[in-house]
Structures are given as structure tokens and as C-alpha cells.
Amino acid sequence: MSLKPVFYDPAITYEENFSKGPFNINNINIVKNDKNPKYSFVGRKVNSPFGVAAGILLNSNHVKHAFDMGFDVVCYKTQRSTTFPCNEYPNVVYLDVKGNLTLEKASKPIVGHSTTNKSLAEVTVTNSFGVPSKGPSFWVEDLKKALSHQGKGQLLIMSVVGTILKGFTEQDYFDDFASTAKLAVDNGAKVIEINLSCPNVASEGVLCYTKASVIAICKKTKQAIGNVPLIAKLGYFSKLQQDTLKATIIEASPYLSAVSVINTIAAPIVDKYGNQLLPGPNRLKAGVCGKGIKWAGLDMVERINKIRQENNLNLQVIGVGGVMNTDDFIEYRQKGADLVQSATAAMWNDNLANQVKAIL
Ligand SMILES: Cc1cc2nc3c(=O)[nH]c(=O)nc-3n(C[C@H](O)[C@H](O)[C@H](O)COP(=O)(O)O)c2cc1C
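Residues numbered from 1 in each chain as written. Predicted model: local features only at pLDDT ≥ 70, side-chain atom pairs only at ≥ 80, totals over all residues. Heavy atoms only, no water.

What to know about the sheet that holds strand β8 (residues 124-127)
One closed barrel accounts for five strands, arranged β6-β7-β14-β15-β8; its pairing is mixed. On average, each strand axis in the sheet is inclined to that of its neighbour by 55°, with strand direction left out of account. As defined by bridge partners, strand β7 (residues 110-113) adjoins strand β14 (residues 265-270) across two bridges and the pair is classed as parallel. Its bridge partner lying in β14, I110 is registered against I269. (Pairing = 2+ DSSP bridges. Helix = DSSP H or I, 4+ residues; strand = E, 2+ residues; numbered from the N terminus. Axes fitted to C-alpha atoms, helices over the stretch in contact; angles between N-to-C directions.)

Okay, here's the thing in C-alpha cells:
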């Protein structure tokens, strides 16, 4: 049985997903939140500690459906200060990954396919978009619409990223994170997430592994947005990077309300002949997400939980990566996640929040 897409259909382009999605939502059973929200996240009361991670809610139509289906803390797909094109199709392909995608496995080519016969619980995919944006002329108004869909006990997080424009210095690039976040806040965003972990924009690299850059961006952004809670989205740190992780978390924590871990694990993606699968420059490697990376998300939650306990940090943790079902949600909560989010599984299963609520 093939998977039925809801929030994102890998078989069609990003633009088609943007204008036509979400899909297969005819029998929608809107979740009523009539009780008092009893969970808390970044100082707000929420109905459940579960939601959708940045990436699959492309605009306010997608956000509305996520809230309707009871996902209580959801991210609007990462936006920029300027228009930015999407990488060429395909952007999401199914991967041959058996068990955990360890860093050792991720260093070798992985074969990608346009279809799968796996069950959703077993799916591992790559996503490679390059963080497209229609620019503020679109997203500012659309963000307001998305915010209007929040019900009681629901929270929209606005995800933003900086852009390197021609002639920009490093400081200009960092300032762009801050001014984009400020623009979102000026237009109603109540929580900001900065994406410091995108592996798909070759010219910008993966920021989160350079402590000085993380601190500078967090500081500038926090100064720009004042009391609005700030979340930093990080990638996976290997055990060899533990000291950097610890120092980064401790030094960034004065500016942060939460960290979100993890984004994806980068790996070379090839076709069955071993050739680069995703067309275009700098796309041999792409971010892997879904089932195969759950171990890495759990590991980061556990390590950051320990760092915050040992150092008395007032910092919440969002667990992301391979949350395919309610058992995965429970595992993340047991490791210390204050909030859990899904991207890959939620692409197809818009009932996941209801399933989680049934076991709370
Ligand atoms: C289709 C897709 C698009 C994504 N786009 C973004 C993005 O724009 N910004 C971001 O911070 N993460 C993005 N991500 C990463 C997810 O937020 C998440 O960190 C990652 O996929 C791991 O969670 P999962 O295993 O539940 O998918 C995207 C993921 C997917 C599947």
C-alpha cells in the first residue's frame, strides 16, 4: 500500500505543494480543545507537548490544517529576508537505510528512490530544498493568517534564517538573522526559531558547529526581538564535538528559551548506478530525516538535558528526528524533551497528534 500524502507530496514539485496542498483532507475531524491547556512551553500554556517541526507547513493553509488536526506547537517553514529559489525537483526521495543511520553509514553513498513500499514507521527520506522563500512581500501577510488559525492552547513558531547577499560581510549575514526575526515579531510572531543547522546551502555551510557564530547570531537576534522567546535549531554533534556542544549551549543559553534538536544528518545520495541523484551543484550531500535518525535526536536530547541540569540552565529542549509514532514520542519525553515535533511522519500522518493525545 503506498503512502497517502497530506502536508507534503514528494511526487510533485515544491511549487505545486505550495499552491495545492495540503492534500487528502476531506474527512477532516477538527480536534476540539475544550479543556484548560495543562502543558507549558516557553512560558505559554499549550494543550499538548507535541507538534510539527519546521519544513512541511509551507504556508498558512498547511498551518491551519495542522492546528485543526490538534498539532499544538507548530513551525511555519523557515523564511528569509529576500526571495530565494527552491532547489530543482526532486526535493524529497526515499532512502535505502537499514536500522540507524550512523555517522559511519552517512559517510558512504545511500541509494534514493522515487517510491517506497515501506510502512510509514520505517520511512527514511532526504529533503533538499535550499530553504526557498517567497520573501517578506508574501510571508509577512501569510504569517498573520497563519497566526489567526491558532486555537486555545496552540502556538505558532516562526522559523527564520539569514541570507548571504552580494557584498555581505559575516556581520551583515548575522544581522540578517536578527532583522528577519524582528520583521516576524513586528508582524505578530510570538516565538522565533533560528535555523542554524541547514546542511543544504553550500555557501552558508552548517553554522551550528562554530560556537562564535552561534553566540553572535543568538545575541543579535535576542537583542532585536526583546522579550519574545528565541529557539535555536541545531544539528547532530558527534561525541568528538561534545566540548563544543557544551560550551555552545552554556554560552548561548542567556539568549535562548529553548534549543531544537536535531535537524538532519547529511549524507551523499546516489541513484542505483552510484551517480549523484539530486540535480544541480552542491547537491551530492543532502539532509536525511525520518526513522533512521531517531537515535541521533534522542542522543542530543539526552546530552543537552544533562548539560542544562549540571549547569542549572533555564532552557527547554525540543526533541525532533524520527518521531514516527507514539512510542517514539514517549522515548523522547523520557530522555527529557519538553516538546516533541515531527516532520517526516507528519507529511503523511495528520492523525499523529490525535494518536499522541490518546496516550497523554
Ligand atoms: C520536507 C522537509 C522540509 C524541511 N524543511 C526545513 C526547514 O525549512 N527548516 C528547518 O529548520 N528544518 C527543516 N526540515 C527539518 C525538520 O524540521 C526536522 O528537523 C528533520 O526533518 C528531522 O525530523 P523528522 O525525522 O521528523 O523529519 C525539513 C524536513 C522535511 C522532511
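Considering the site of the ligand
As a structural note, the neighbourhood of the ligand is formed by 22 residues, with A54, T78, K233, G322 and T344 the closest of them. Contact between the ligand and K233: an oxygen atom at 2.8 Å from a side-chain N or O atom of the residue. Notes on the ligand: free accessible area 600 Å², of which the protein chains cover 98%. Looking at side-chain class alone, the shell around the ligand contains 10 nonpolar, 10 polar and two charged residues. (Near = heavy atom within 4 Å. Polar contact = N/O pair within 3.5 Å; in protein donor to acceptor, adjacent residues only side chain to side chain. Areas by Shrake-Rupley, 256 points an atom, 1.4 Å probe, with all protein chains shown as cover. Nonpolar A, V, L, I, M, F, W, Y, C, P; charged D, E, K, R; others polar.)

Thoughts on the packing of helix α9 (residues 326-335) against helix α11 (residues 352-359)
Orientation of α9 relative to α11, taken along the N-to-C sense of each, is 60°, at an axis distance of 9 Å. The orientation of α9 with respect to α11, classified from their angle, is oblique. In this structure, α9 crosses over α11, and the sense of that crossing is right-handed. Residues T326, F329 and I330 of α9 pack against Q355, V356 and I359 of α11. When its residues are assigned to classes, the contact of α9 with α11 shows four nonpolar, two polar and no charged. (Parallel < 35°, antiparallel > 145°, perpendicular 65-115°, else oblique. Left-handed = near helix turned anticlockwise from the far one by under 90°. Contact = heavy atoms within 4.5 Å.)

Let's talk about unusual backbone geometry
Across the junction of Y89 and P90, the peptide omega takes the value 0°, indicating a cis bond. With respect to the helices and strands, the residue P90 is situated in the loop between β5 (83-84) and β6 (92-95). A cis amide bond links V261 with the next residue in sequence, I262, at an omega value of 10°. The topology assignment puts I262 in the loop between β13 (258-261) and β14. Phi is positive for V42, which is not a glycine, with a value near 40°.

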